[in-house]
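Breakdown of the fold
In case you want the letters, here they are:
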Amino acid sequence: MPTRNVLVVEDDDRIRQSLIEYLVQSAGAVRVDAARDGADALHAVSRTRYDVIILDLMMPYMNGIDFLDSLQIVRPRDQPACFVVTGMPADEVPAEAILQRFAGLVRRVFRKPIDLRELGRCVADALTPAG
């Protein structure tokens, strides 16, 4: 089975490193790359096919919403499973609004502090081939 690719897009160094370490330890045969913002992430997806993207919303240079809009344009087919991570309160950024706007692309919205086990389960499910 080929190695699966995961991209973690998070501007907070500590959170990004925690996510990477957890995924490497728990997800098995995955390659985990990192990006500090949406612009960095767009560059990464232009070079590598990612199966899963874990994406913060509030970042400098290009935020998560702008990244998702751009991803739909540069990769209209064969899109990765995206999991949004945000520290924004649910009343300011409702999960339903994100899931509806990016239907089929965003699988779930997580609030910080992140439940790593639940995120890990979601990533594992997304990486499991349908069949």
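Anyway, here's the lowdown on the structure attached to this text. The structure presented is a predicted model; accordingly, all values stated were derived computationally and were not measured.

1. Quick notes on the packing of helix α1 (residues 13-26) against helix α5 (residues 116-127)
- α5 packs onto α1 with a crossing angle of 55° between their chain directions and a minimal axis gap of 11 Å. In terms of orientation, α1 lies oblique with respect to α5. Judged by the sense of rotation from one axis to the other, the crossing of α1 with α5 is right-handed. Here Leu-19, Tyr-22 and Leu-23 of α1 lie close against α5, whose contacting residues are Leu-116, Arg-117, Leu-119, Gly-120 and Val-123.
- For the contact of α1 with α5, a count of residues per class yields six nonpolar, one polar and one charged.

2. Some points on the nonpolar core
- Counting residues in hydrophobic clusters, the biggest one holds 25 residues, and the most contacted among them are Leu-7, Ile-53, Phe-67 and Leu-68.
- Among the elements of the structure, β1 (4-9), α2 (38-47), β3 (52-56), α3 (64-74), β4 (81-86), α4 (95-101) and β5 (106-111) are those that each provide at least two residues to this core.
- Per element, the largest residue contribution to this core is four residues, and it comes from α2.
- Beyond its immediate sequence surroundings of up to four residues, Leu-7 is in contact with Asp-33, Ala-34, Ala-35, Ala-41, Ala-44, Val-45, Tyr-50, Val-52, Ile-53 and Ile-54.

The rules behind the values
- Residues numbered from 1 in each chain as written.
- Predicted model: local features only at pLDDT ≥ 70, side-chain atom pairs only at ≥ 80, totals over all residues.
- Heavy atoms only, no water.
- Axes fitted to C-alpha atoms, helices over the stretch in contact; angles between N-to-C directions.
- Helix = DSSP H or I, 4+ residues; strand = E, 2+ residues; numbered from the N terminus.
- Parallel < 35°, antiparallel > 145°, perpendicular 65-115°, else oblique.
- Left-handed = near helix turned anticlockwise from the far one by under 90°.
- Contact = heavy atoms within 4.5 Å.
- Nonpolar A, V, L, I, M, F, W, Y, C, P; charged D, E, K, R; others polar.
- Core = buried A, V, L, I, M, F, W, Y, C linked by side-chain atoms within 4.5 Å.
- Buried < 20%, exposed > 50% of the residue type's maximum accessible area, 1.4 Å probe, protein only.

Read these as layout, nothing more, since geometry by itself doesn't imply function.
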